[in-house]
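Tertiary structure, described
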Amino acid sequence: MYNLAFYGHKVSSMNKLVLILLILGSSNLISAADIKAGETKAAMCASCHGKNGVGISDMFPNVAGQKAGYTSLQLKAFRDGQRKNAMMSPMAQSLTDQDIENIAAYYASLPAAK
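Residues numbered from 1 in each chain as written. Predicted model: local features only at pLDDT ≥ 70, side-chain atom pairs only at ≥ 80, totals over all residues. Heavy atoms only, no water.

1. Description of the overall build of the protein chain
How we decide: For helices the rule is a DSSP run of H or I covering at least 4 residues; for strands it is a run of E covering at least 2, with both sets numbered from the N terminus onward. Summary of the burial criterion: residues with accessible area below 20% of their type's maximum are buried, those above 50% are exposed, and those between are partly exposed, where the area comes from a 1.4 Å probe applied to protein chains only. By definition in these notes, contact holds between two residues if any of their heavy atoms fall within 4.5 Å. Note on areas: these come from Shrake-Rupley sampling with a 1.4 Å probe, and a residue is covered only by the protein chains present in the view.
When helices and strands are counted, the protein chain shows 6 helices and 2 strands. Listing the helices and strands of the protein chain from first to last along the sequence gives β-β-α-α-α-α-α-α. Here the protein chain, with 114 residues, has 28% of them falling under the buried criterion. Long-range pairs, those at least 24 residues apart, make up 55% of the contacts in the protein chain with a sequence separation of at least 6. Total accessible area on the protein chain is roughly 8,100 Å²; 62% of this is exposed by carbon and sulfur atoms.

2. Description of the packing of aromatic side chains
As a reminder of what qualifies: For Phe, Tyr and Trp, where Trp contributes only its six-membered ring, two rings pair if their centres lie within 6.5 Å, and the inter-plane angle classes them as stacked under 30 degrees, edge-to-face over 60, or tilted in between.
Per the counting criterion, the structure on display carries 1 aromatic pair. Taking 5.1 Å as the distance between ring centres and 50 degrees as the angle between the ring planes, the aromatic pair formed by Tyr106 and Tyr107 counts as tilted. Exposure class is identical for Tyr106 and Tyr107. Each is buried.

3. Section: the side chain of Ser72
Checked against the element boundaries, Ser72 lands in helix α4 (residues 68-80). Sequence-distant contacts of Ser72, that is, excluding residues within four places in its chain, are made with Ile100, Glu101 and Ala104.

Right under this line is the structure:
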């Protein structure tokens, strides 16, 4: 059996198991995005970014296939006033962190425009 030390303390076999399970399960506990909820919430985005995440004109970027982390970061920046845009800032104001994660996951799940 492997000897495992955690911050200088020996860890028992049972504690090792608990620690491993916590590490493996933590990614789902931190933020479990709901793609279906994101699709529903993203309906308000469709008038500019298109129903399938492809901008309706060159003025509006494609968001389909965009990495969720990037989309989330940008939406939070619009919501929190770190990034300002006359159209996006007001749209993002009502979004919760969970809404943003869901929308970002939804757009990341779509195929990117070609």
